[in-house]
Each structure stands twice: as structure tokens, then as C-alpha cells.
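# Breakdown of the fold
Each chain, written out:
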Amino acid sequence: MSASTATDKDELEYHAGFGNHFESEAHPGALPQGRNNPRIVPCGLYTEQLSGTAFTAPRNENRRTWLYRTQPSVSGTSNRFAPCDSSFGGADWASDMRLDPNPMRWGATPLDANQTVDFLGGMHTLLGSGDPTSKAGIAIYVYAFNANMSGKDLDLDKHVYNSDGDFLMVPQQMALSIQTELGRMTVAPGEICVIPRGVVFTVNILGKCNEENSFARGYILEIFRGHLQLPELGPIGSNGLANARDFLHPMAHYESDAHVANRTCTIYNKFGQQVFARKSPHSPYNVVAWHGNYLPFKYDLRKFCAVNSVTYDHPDPSIYTVLTAKGGDEDGTALADFVIFPPRIMATDDNTFRPPWFHRNVMTEFMGLIYGEYDAKKKESGAKGGFVPGGASLHSIMTPHGPDAASYYANVQNPCDKPAKFEGGLAFMFESSAMCKVSKWALECEQREVDYPCCWDGLASTFPEPRV
């Protein structure tokens, strides 16, 4: 498909389409024709393949991209990786992760105005399951940072890649400027992006940093196995939910400023939940051309085509699935789903309880709020706490949850005799079949609402007393 512009504020151009094979060159004639690995590469470049699946993976699942770069990634690796002092996200999975089945909620992740932290330093592990060394499980993080990782005017030039899995990033506050080996993306609140395993990237704030009360905040889902894909549509048909044409992939872009391209930088590697670092004598952003289907991408959540009931009952939230990652041997059970609750019209009959029902689930449900409010957790005016933008909630496997008492009774009284457009907010859910442990930081941080379960204390029995 032809290049397109993602949003009104995004001036970059992209390749459009999910799972497609694309080709891109930032310098005319840099792509070899008729073969992948010629002896003499055009423009004096080096050939390198980036494989996102095993060579023998089924053709419809096989992911790889051929890169044509000024220097191969192996150049400079004589500067050995050395372990950093802290684990990724600040949590040691051997000692800092705890099992806790209680429902939990957190306020928005804060950042002290006196702190100066970048994307890596502002990362906090909330929960996780499994082990990336065996390619099993997930992790969920929140981030809050106010400094860039790189820039022409910065002494530090930092870049990172993830050997453990794929990142799905959900900005909540301030847009991000993301440089990857395959090209550049801007990702604003209301959009998401996915950075595949092994792709080097840098995250900066799009706009001014270090203004008072101005910092980037958001959420990240990491999957240790497989890749995110579009859900099957089944009886919905061939259209709806997240349409393939709306996913955008960056175009080739390399660092053409000789000073920046050849200055020493630091490459970080997330490897087995540990962080390693080494010096590189050149920028990793030296891919002049590429072709393939193993690529970062972004998606504008406003383009999601929601499906809903127009007769009765509130359908399962799986109808709002944007992306999914395959689980184990159980058909239909995902390792992880990314689900949104977007602005939409509710048009059920007059005896339907429109918010989600009370529930216990075989899946772990982690929810976040990008803006506004969630219809099952509306914050009362002047009340402290609540499900707020930048906050989160966790309902683990078989942990009871549902609308709070105030929301429940308000919606029982709602005659819902007319269609209503819900446009008060944008919430999302990371849902996983994995039972997750919670980090020590998540359990002890100041924004945790330890009294969150009290929101259901007002649900009194209304069953009539039996007659004697």
C-alpha cells in the first residue's frame, strides 16, 4: 500500500498495512535487485538479516527483514557487554516479585520535578509471569520520564534493544519520538506502537522536556514468546475491529550527520530481565535500505471499528480486541490480548445493564486509562483516588471484580431506553492467561490504593427475606 500520514500532527510518512512485506530505501538505488545478499552490495553497504522467527517457521508466520547498512551490527562488539547495576524496570525477578491474589489499584505514576530521568531510568516493573530465558510469560511496566535518551546537543547518546520479547507501548501523557533501525515513528496518547524483539530503538519526548509538571507517562506490555497479531474475526466477517490498512510502519531513515553517525554511543541490551551495556563507535541508525516483514509499527486507536450489541446484554470484552499473542495448546486462549474500551454507541434494550458485569475470570486482567473515565469506575466529584488517567488496576486469575457500588446502583436506575454515546474516556486492558506476580515496587509505591476493595462494600443484599 502507498505511504500515508498517521495523524494530523505526524509529519512522517509510513508504509500502511499489517503483516505485509515492504521495501524501503533512504538513498536511491541502495536496495539490491533480484537477490538478498549480493557479493557487491549497492552503495558500498553491508547486508544483514534480522530474523524474528525460526528459519523454518510456517510461511504465514515467518518474520524477517534484510537490512543494508553502512556498517554491520557486529562492528564494535569487541567492546564487550557488561552487566549494569540494576535489573530492567528496577525489579529482581528472583527476589522482588510476590504472588498476591487481592484486587489492586494504583493512581497515576508520579515523577518528582527535581528528578531527571530518561525512558530506561523511568521504567517500573508492575507485574510479570514466567521467564524470558525460556521464552514463556509476560511482563507489564509503567514509565515516567522527562529526559531524552539521545540528541545532537546531548553528551549522552543511548540506545536499547530487547532480547527478551516484543514491547507494546501505550503512551498516556506526552507524545514520543521513537527512532528505530528501520526508521522513525511519532506515537501520541491515543496511539500505540510495537517494537519487536531485537530492534534497536531510542525514545525521546516529542516536544520540550523538563518543563514543570511535564513528563512522559505510559504503559508497556512485553510478551516473551511469539508476536502480536490481529485477532480472527470469525462470524464478524472480513471487516471490523482493527483494520489491517490502518497499521503504519516506518520508512528507512539513517543518520546522515557524520558527527552523530560516528560518535561513540552506548548500546543497552535487555537480556534475561537484566540490563547490559557496551560502547559502540558508531550510531546503530545506519540502515540505508531494507525489505521484509519484521518491523516496528504504530496504530491510531481512534480508527478501531467497535462491534457491540444492538439487542440486549453486554457482550464479552473480547469484541474489543486490537491485538493478540498466541498462548499454549488451548485453542482461543491467548498469552496476551490488548483490548480497548473506546468511544462507542450503546444501543441495547431497556433492561440491559450496560457496564460490564461482575466477573471472575480464568485470565489476568490489567487495566489502564489513557484519558477521561471508565463507565464501570466513575470517580465521584471531589473524591480521592479512583480509576484515573495514568493509573491502573489488577484483577488476577479468579479474583472477583466488577463495577463499584456507586456505578452499579447508578446504572441499575438508568432506564437505558435510548441509544447513548459513550465518549467520556479511553480505557484499555492487557489480558493474559498467565498468573502474574506483583513487584515489590508496585506493592509499596505511594500511589497504590490499598483500600481499593472498599469500593464494593456498599453492595448490600437486596434479596427479600423469606416468609415464615
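Bear in mind the structure is a predicted one, so any value in this text is a computation, not a measurement.

### Some thoughts on the overall build of the protein
- For the protein, the count of helices and strands is three helices and 30 strands.
- Counting every position in the protein, which comprises 468 residues, the buried fraction comes to 53%.
- Once local pairs closer than 6 in sequence are excluded, the contacts in the protein between residues at least 24 apart make up 77%.
- Carbon and sulfur atoms make up 50% of the accessible area of the protein, which totals about 22300 Å².
- Where the 40 positive side-chain charges of the protein centre and where its 52 negative ones centre are 4 Å apart.

### Digging into the layout of surface pockets
- In this structure, the largest pocket spans a volume of roughly 980 Å³.
- Together, 31 residues line the largest pocket, and Thr-53, Glu-61, Gly-226, His-227 and Gln-229 are the ones closest to its centre.
- Its residues assigned to classes, the lining of the largest pocket shows 12 nonpolar, 11 polar and eight charged.
- In this structure, the second largest pocket occupies an estimated 780 Å³ of space.

### Looking at the sheet that holds strand β21 (residues 287-292)
- One open sheet accounts for four strands, arranged β3-β21-β5-β4; its pairing is antiparallel. The open sheet has two edge strands with one neighbour each: β3 (22-25) and β4 (46-51). With strand direction ignored, the average angle separating the axes of adjacent strands in the sheet is 20°.
- Bridging between β3 and β21 involves four bridges; their strand directions are antiparallel. Its bridge partner lying in β21, Ser-24 is registered against Trp-290.

### A closer look at the side chain of Asn-411
- Structurally, Asn-411 is set in helix α2 (residues 405-413).
- Apart from the residues lying within four places of it in its own chain, the contact partners of Asn-411 are Phe-353, Pro-355 and Asp-375.

### Re the pairing of strand β9 (residues 123-131)
- Relative to strand β10 (residues 136-145), β9 runs antiparallel, the two being bridged by eight bridges. Within β10, the residue paired with Leu-127 across the bridge is Ile-140.
- Between the end of β9 and the start of β10, which pair antiparallel, lie four residues, with Lys-135 showing a positive phi angle near 50°.
- In terms of strand pairing, β9 meets strand β30 (residues 437-439) through two bridges, oriented antiparallel. Residue pairing in the sheet places Gly-128 in a bridge with Lys-437 of β30.

### Remarks on the pattern of salt bridges
- Tallying each qualifying case throughout the model produces 12 salt bridges.
- The salt bridge partner of Glu-181 is Arg-69, with a shortest N-O separation of 2.9 Å. Of this pair, Glu-181 sits in the loop between β13 (176-180) and β14 (183-187) while Arg-69 sits in strand β5 (residues 64-69); the two residues are 112 residues apart in sequence, bridging distant segments of the chain.
- Its salt-bridge partner being Lys-298, residue Glu-191 comes within 3.2 Å of it at the nearest N-O pair. With Glu-191 in strand β15 (residues 191-195) and Lys-298 in strand β22 (residues 297-300), this residue pair connects regions lying 107 residues apart in the sequence.
- One salt-bridge network, held together by shared partners, links Asp-10, Glu-191 and Lys-298.

### Overview of the sheet that holds strand β26 (residues 364-372)
- Taken together, the six strands give an open sheet; going across it, the order is β8-β27-β26-β29-β24-β23, and neighbouring strands pair in antiparallel fashion. The sheet is open, and its two borders are formed by β8 (104-106) and β23 (321-326), each paired with just one other strand. Pairwise comparison of adjacent strand axes, ignoring direction, gives a mean angle of 10° for this sheet.
- Summarising the sheet, β26 and strand β29 (residues 425-432) pair through eight bridges and their orientation is antiparallel. Across the sheet, residue Phe-366 finds its bridge partner in β29, namely Phe-430.

### Structural notes on the nonpolar core
- Membership of the largest hydrophobic core comes to 53 residues, with the highest contact counts inside it found for Leu-168, Leu-323, Phe-338 and Phe-430.
- For this core, the element with the highest residue contribution is strand β24 (residues 334-341), accounting for six residues.
- Each residue touching Phe-338, except ones within four places of it in the same chain, is listed here: Leu-168, Val-170, Ile-192, Leu-301, Tyr-320, Thr-321, Val-322, Leu-323, Phe-428, Met-429 and Phe-430.
- Ranked by size, the runner-up nonpolar core spans 48 residues in total, among them Trp-93, Leu-111, Leu-120 and Ile-195.

Rules of the game
Along every chain, residues carry numbers that run from 1 in the direction the sequence is written. In view of the model being predicted, local features appear only for residues whose pLDDT reaches at least 70, and side-chain atom pairs are presented and counted only at 80 or more, with totals across whole chains, interfaces and linings using the full set of residues. Heavy atoms from the whole structure form the basis of all side-chain values; hydrogens and water molecules are not counted. To qualify as a helix, a DSSP run of H or I must reach at least 4 residues; to qualify as a strand, a run of E must reach at least 2; elements of each kind are numbered from the N terminus. In this scheme, a residue with accessible area under 20% of its type's maximum is buried, one over 50% is exposed, and one in between is partly exposed, where area comes from a 1.4 Å probe on protein chains only. Should any heavy atoms of two residues lie within 4.5 Å, those residues are considered in contact. With residues, only the protein chains shown are counted as cover, and all accessible areas are computed by Shrake-Rupley using a 1.4 Å probe. Charged residues are defined narrowly, with Lys and Arg counted positive, Asp and Glu counted negative, and His plus the chain ends left uncounted. Charge positions come from single atoms, namely NZ of Lys, CZ of Arg, CG of Asp or CD of Glu. Only protein atoms enter the 1 Å grid used here, on which a cavity is any set of points holding a 1.4 Å probe that cannot leave and a pocket is any open set flanked by protein within 12 Å on both sides along at least five of seven lines; residues with an atom within 4 Å of a point are listed as lining. Grid points are joined across faces, edges and corners, and a volume is the space filled by probe spheres set on the points. Any residue that is not Ala, Val, Leu, Ile, Met, Phe, Trp, Tyr, Cys, Pro, Asp, Glu, Lys or Arg is counted as polar, Gly included; the first ten are nonpolar and the last four charged. Paired strands are those between which DSSP finds at least two bridges. The axes used here are C-alpha line fits, helices contributing only the stretch in contact, and every angle between their N-to-C directions lies in the interval 0 to 180 degrees. Criterion for a salt bridge: a side-chain nitrogen of Lys or Arg within 4 Å of a carboxyl oxygen of Asp or Glu. In plain words, nonpolar cores are sets of buried Ala, Val, Leu, Ile, Met, Phe, Trp, Tyr and Cys residues tied together by side-chain atoms within 4.5 Å.

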